[in-house]
Amino acid sequence: MCFRVFLLLIGAVYICCQVLATGDVYIAELMVESNVTLDAQTVISVLNDLQVTVNSGGSYTVTLLKNELVAECLIVGDDHSCNCSVGYIWSNEVCYTAGCCSDSTCKQNVSYMTPLCIAKVNVRMNGSVILTTGSFTPGDAAQTTPIADAFKTLNGFESLNVTGYRQSDTIADFKAAVSVKFETSTLQKVVTQLETSLSAVVWVDTQGMVTIESPGVTVCYKSSPQLKCTFEEATDRAGWNLTRKNDRFELNTGSVVNLDTSCATPEYKSCAIVNLKEVTGMWAGTYECGFTRGSVRHTANRKMSVALLPDVITMKISPLTADCTTTDNVEVHVTATIPASTETYNVSWTTVNGEVSKQSISHTLDYSAVATIACQKTPDARYIEVTFTNVKSQTKSARVDIPVIYDGDKFCSEEEVNGENWPKTPDGDTAINRTCPQGRVGYKSRTCEGATWLRVVSNCVSEELNKVLNAADLFQQGLGATQEVALDIFEGLKNSSAVNSDSSDTVADIGASINVLGVMASASQKVVLGDSVFPDFIGSASNMLNKSWSSANTSTMHSMSSNYLVSVEDLVKNIRVNMSRQEPGIISQNVDLKFCTDRDCNVSVFDVSVNLNKSTGIMKTFAVKNLMDKLKNNYGEMITTPLIVSTTLENSSDSSLEIAMDFPIERLNPNKPFCVFWNTKEKQWSSEGCTLKSRDDNRTVCTCNHLTSFSVLMSKRDISTDILDMITHVGLGVSISCLMVFLIIEYLVWSAVVKTNLSHFRHTALVNIAVFLLLADCSFLASSSPETLGDTWCLVLTVCKHLFYLAMFSWMLSMSVMLVHQLIFVFNPLRKRVFMFLSSIVGYVCPILIVGSSYVYCKYTKKPYYNKKTCWLVFERILEGSMHAFLLPVGTIVLTNLFSMVVVIVTLMKSSVPDGSKADKETAKSILKVVVFLTPVFGVTWIIGFFQLMLDETHPMQTVAVYSFTILNSFQGFFILLTGCFAEQKVREELVKLIKAKSKGNSDSTKNLTSTTYTKDK
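Only a predicted model underlies this, so the values are computations on that prediction, with no experimental measurement involved.

Visitor: Please set out the nonpolar core residue by residue, giving values where relevant.
Guide: Counting residues in hydrophobic clusters, the biggest one holds 80 residues, and the most contacted among them are Phe151, Trp240 and Trp283. Contact partners of phenylalanine 151, with chain neighbours within four places excluded, come to Met125, Phe157, Leu160, Phe174, Leu187, Val190, Leu194 and Val204. Among the nonpolar cores identified, the runner-up in size contains 56 residues, and Val507, Val519, Met560 and Trp685 belong to it.

Take a look at the structure:
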């Protein structure tokens, strides 16, 4: 007879590393063979004390602590009869080799197999059979029998029951039980055979195959527990789930969850660890691990309890302020609201009198108390604090500050706004009202400044949007972080953002929506999101920009818009694009997204052409409308443009890149564009790494050596620098002073210098030129800070500058035409009356008609006459815009005056007598005098401005032209003083005589000096 005895031996054993280990426990299997019948207990009894010899030759005594009979075989000749002891079953080798798969007597020769019998274990299976064609008939055993027959081939099979049918009876769920662990390949073979025979898909989950380790006690609040699962076989993938009440969540790496599957060992080829960080009550529940291979998933689960503390404590007080102006003590009722919990808390308060009441309301618990606030003035803040203590003696506290109004303090009086009561509140404090309209959650706040209430700030968010935000928070933590949940979140965000809310709550909804994008962007760094989320994501991002952000203050708007841009850019970057997708992109009202997998990418988003050469990866480019004006503009002198373009690369190994973007910019003024990108760290625009490549009237091409969000800013002027501003202001100040001096001198010497018609014509024109230039310069200085002016003053100053500059140029034209006429028609001089009549029409009437008609035309066509940001005329494009009512007349006059100057020079050259080099020198001097004297009064320097308009911003002469134009024209009054007074001999002589006469006090001389004779017109 052969006995197999399962022995537990303990003793001194020599270990392979040559170290004696004492106290180690070993398990051994002993086979006893005899040709006579032996009693098993007799054999076991002789094993009480054993001598064990190790490799080194040493002998040790071991003590048998426990022994158990596993199997017993009776062999008579060729007849075999083997039985497993109670609680044991035939091993898989015996079952699948000898066909002995139950716990009945085995008649095969299996005594040589090791192990022969193994301890029974509870292995349970849950599975589903999904028919690809047809359906099940409930109660028809003929359909379910093949399922049971297939599983009966497993070793240790105990039972199989069909538990129900789903989805129009196309799915049959079943439960099965076996009493032995098996290899996955064995079960997979059964599943494959069943799929073939039934034309179905079969999925099976097992329990009892996997070893799970977890904390054996309730873990502390905010502790970081670990759960670990191991399995002997290698599998395809591993995962974790959490079940609590009726909810089941798949776990993924997030801010709380960290999954680790790299812990496999030679003994356990599959391993999965979940590390939880700072758990709260929401992480209590049943954790299930699973190892999947083919259609089989091996699972194990364990319940974990968390010592609870309130995750959120909401404090409310009534009244909202303690009014100490009329009493010595104020009673304040305080309520602490927490989520409903099974934990029994020890609740303690500060500054509370009497008993504390507890009330359960819906899904919350309210703890209420009364506190007495003494009205003795103190620099410390008054507050009430509540503390919750759990069974682990852990605590969590919350406090509410109580605004106190002392006698003599400034405060805002009690006020009711839109049915909401705002109590008396001390200066500098903010009153919190936790009452929101129906369908919204949150609070409203209002700050008291001095004795004046500021506007109400609403933080009441839509309930549906708040649910989306909570789901996103769970997703970020790793709870339910799957593609399906992400789709639900973005769908909910899209639906919520499409709803039009009350204007006072719009900013709160937009802020919450941006928070959802930010949370999902953070989660997408750890959780892989597929491109199926793009449609709802892009739709929701577009909806946010359709709403008005105007009720947000400037700092809030800048913060929200920056967070929006960064979140959208991160999501676009992190969402994985399917290489085989057919659609090239997704477009919505305010966001246009395109993908490119080619090496040379050329895409267009909202008419912005983007070009990028890359070696690997997928280029993702999107353009955004209605966001640029909400971002902080740290370039104060720049005008924002409508579009922002962002480009990112997925799975790219390129170390250096250059991206080119062609923006459709329609310039309202002939302004210079600047290529910029959004610096996410500084939260402002920067031009580092970006350059302006080229531009024309409607397009601007930028190149950058990095990828992020790009745009174009337009300067309010061609070039705006502190140096140019200083030159302009100093020049205008000098010009105004010089023009006033010039007019005073003209008044003093007028009678002496206008004795002939020609001199009268010249000085009349000069005086008018000086007067209108003086008025134009004053108007220019008055409008140098358009942002401080109202619309009316901006319009008035624009009209003044337009009119006065045109009048100045018109009198310059009169002067140049008169000079040419006198040179050409020497014997037919102009009469004074004719000159004054024609000059008045040209110098007064024509400018008024041009300005008036251009203003009326703009009003009639509903086109802007002036730009509120510059207080000057509007330039739209060539031959469009009110600017042409200035450029065309001035350009015509400057060209005419230039022609007149050429005529004068030619006349001088013809009249000069050829007398060698001396005559040439005299002629050159005469020409130089003409150029110097006539250039300021003919406005020839303004031709530099037209030359500047024709130059590209990148041209090296652009800066030279700008500075030349600014210097020559801002100091034009100074040049008129020099050429009109001090350079004219007659004026200079009369001025000297006047000064001498004044210094001598000779009144008669003065009278003689100022007397004159007039030549009458014939």
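Visitor: Would you mind going over the sheet that holds strand β13 (residues 226–231) in detail, with residue names and values included?
Guide: The pairing of strands in a sheet happens through backbone hydrogen bonds and is either parallel or antiparallel. Spatially, the four strands line up as an open sheet ordered β12-β13-β17-β16, and their pairing is antiparallel. Each edge of the open sheet is held by one strand with a lone partner, namely β12 (211–213) and β16 (257–260). Neighbour-to-neighbour, the strand axes of this sheet turn through a mean angle of 15 degrees, independent of strand direction. In this sheet, strand β17 (residues 270–276) lies alongside β16 in antiparallel orientation, the contact comprising four bridges. Bridged to aspartate 260 within β17 is isoleucine 273.

Visitor: Give a description of helix α17 (residues 957–970) that names residues and reports values.
Guide: With 14 residues, α17 extends 20 Å between its outermost C-alpha atoms, agreeing within 8% with the 20 Å of an ideal straight helix rising 1.5 Å per residue. Among all positions in α17, only Gln958, Ala961, Val962, Thr966, Asn969 and Ser970 are buried. Seen along its axis, α17 keeps its buried residues to an arc of 125 degrees; they face one direction.

Visitor: A description of the packing of aromatic side chains should follow, citing residues and the corresponding values.
Guide: Counted by the stated rule, this structure contains 17 aromatic pairs. Between phenylalanine 534 and phenylalanine 595 the ring centres are 5.3 Å apart and the planes differ by 50 degrees, which places this aromatic pair in the tilted class. A residue pair is termed long-range when its members are at least 10 positions apart, and phenylalanine 534 in helix α8 (residues 534–546) and phenylalanine 595 in strand β40 (residues 591–596) qualify at 61 residues. With respect to class, phenylalanine 534 is no different from phenylalanine 595; both count as buried. With centroids separated by 5.3 Å and ring planes inclined at 75 degrees, the aromatic side chains of tryptophan 872 and phenylalanine 886 adopt a geometry described as edge-to-face.

Visitor: I'd like to hear about the state of the cysteines, residue by residue, with values.
Guide: In this structure the tally under the stated criterion is 13 disulfides. There is a disulfide in this structure between cysteine 690 and cysteine 704, and the S-S distance comes to 2.1 Å. Between cysteine 690 and cysteine 704, the S-S dihedral sits near 115 degrees, and the bridge is therefore right-handed. Of this pair, cysteine 690 sits in strand β49 (residues 690–695) while cysteine 704 is found in strand β50 (residues 699–704), placing the two residues 14 residues apart along the sequence. Of the residues examined, cysteine 690 reaches a relative accessible area of 9% and is grouped as buried. Among the residues examined, cysteine 704 registers a relative accessible area of 2% and is labelled buried.

Visitor: Lay out the pattern of salt bridges with the relevant residues and their values.
Guide: The tally for this structure, following the rule as stated, stands at 18 salt bridges. In this structure, the salt-bridge partner of glutamate 233 is arginine 293, at a minimum N-O distance of 3.6 Å. Of this pair, glutamate 233 sits in the loop between β13 and β14 (237–244) while arginine 293 sits in strand β18 (residues 285–293), placing them 60 residues apart in sequence. Its relative accessible area of 16% is what places glutamate 233 among the buried residues. Here lysine 467 and glutamate 464 are joined by a salt bridge, their closest N and O atoms 3.7 Å apart. Residue lysine 467 and its partner glutamate 464 are both found in helix α5 (residues 463–477); the two are separated by three residues, about one turn of the helix. Classification of lysine 467 by relative accessible area gives exposed; the value is 51%. Among the charged side chains, a salt-bridge network with shared partners connects Asp205, Arg248, Glu288 and Arg297.

Visitor: Give me the lowdown on the side chain of glutamine 477, citing residues and values where you can.
Guide: Note that glutamine 477 resides in helix α5. Setting aside anything within four residues of it in sequence, one finds glutamine 477 in contact with Asn252, Gly254, Ser255, Val256, Val257, Met282 and Trp283.

Visitor: Can you lay out the sheet that holds strand β26 (residues 383–389) for me, pointing to particular residues and giving the numbers?
Guide: The sheet built from three strands is open, its strands ordered β23-β26-β27 with antiparallel pairing. Two strands close off the open sheet at either side, each with one partner strand: β23 (346–349) and β27 (395–401). Mean inter-strand twist for the sheet, computed between neighbouring axes without regard to direction, equals 15 degrees. The pairing of β26 with β27 spans seven bridges and is classified as antiparallel. Note on β27: the bridge partner recorded for phenylalanine 388 is lysine 396.

Visitor: So what about the confidence of the model for the protein? Which residues, and what values?
Guide: The predicted model of the protein averages 83 in pLDDT, with 84% of residues at 70 or higher. The low-confidence segment residues 1–22, where pLDDT is below 50, has 92 contacts with residues more than four positions distant or belonging to other chains. Below a pLDDT of 50 lies the segment residues 1002–1018, which in the model reaches 16 contacts outside its immediate sequence neighbourhood of four places, other chains included.

Visitor: So, the pairing of strand β47 (residues 673–679): which residues are in play, and what are the values?
Guide: Summarising burial for β47: five of the seven residues are buried, a large majority. Between β47 and the antiparallel strand that follows it, strand β48 (residues 684–686), lie four residues; lysine 683 among them carries a positive phi value of about 55 degrees.

Visitor: Pulling in residues and values, what's your account of a nonpolar patch on the surface?
Guide: Residues Val834, Phe837, Leu838, Ile841, Tyr844, Val845 and Leu849 make up a contiguous nonpolar surface patch of roughly 620 Å² in combined accessible area. With respect to the secondary-structure elements, valine 834 resides in helix α13 (residues 832–861).

Visitor: Explain the side chain of serine 735 residue by residue, including any values.
Guide: Among the structural elements, serine 735 can be located in helix α10 (residues 722–753). The class for serine 735 is buried, based on a relative accessible area of 0%. Ignoring any residue separated from it by four or fewer positions in sequence, one finds serine 735 in contact with Asp777, Ser970, Phe971, Gln972, Gly973 and Phe974.

The rules behind these values
Residues numbered from 1 in each chain as written. Predicted model: local features only at pLDDT ≥ 70, side-chain atom pairs only at ≥ 80, totals over all residues. Heavy atoms only, no water. Core = buried A, V, L, I, M, F, W, Y, C linked by side-chain atoms within 4.5 Å. Buried < 20%, exposed > 50% of the residue type's maximum accessible area, 1.4 Å probe, protein only. Contact = heavy atoms within 4.5 Å. Pairing = 2+ DSSP bridges. Helix = DSSP H or I, 4+ residues; strand = E, 2+ residues; numbered from the N terminus. Axes fitted to C-alpha atoms, helices over the stretch in contact; angles between N-to-C directions. Expected span 1.5 Å × (residues − 1). Arc of directions from axis to C-beta. Phe/Tyr/Trp six-rings, centres within 6.5 Å; stacked < 30°, edge-to-face > 60°. Disulfide = S-S within 2.5 Å. Salt bridge = Lys/Arg side-chain N within 4 Å of Asp/Glu carboxyl O. pLDDT = per-residue confidence, 0-100. Patch = residues over 30% accessible without salt bridge, like charges linked within 9 Å, V, L, I, M, F, W, Y side chains within 5 Å. Areas by Shrake-Rupley, 256 points an atom, 1.4 Å probe, with all protein chains shown as cover.

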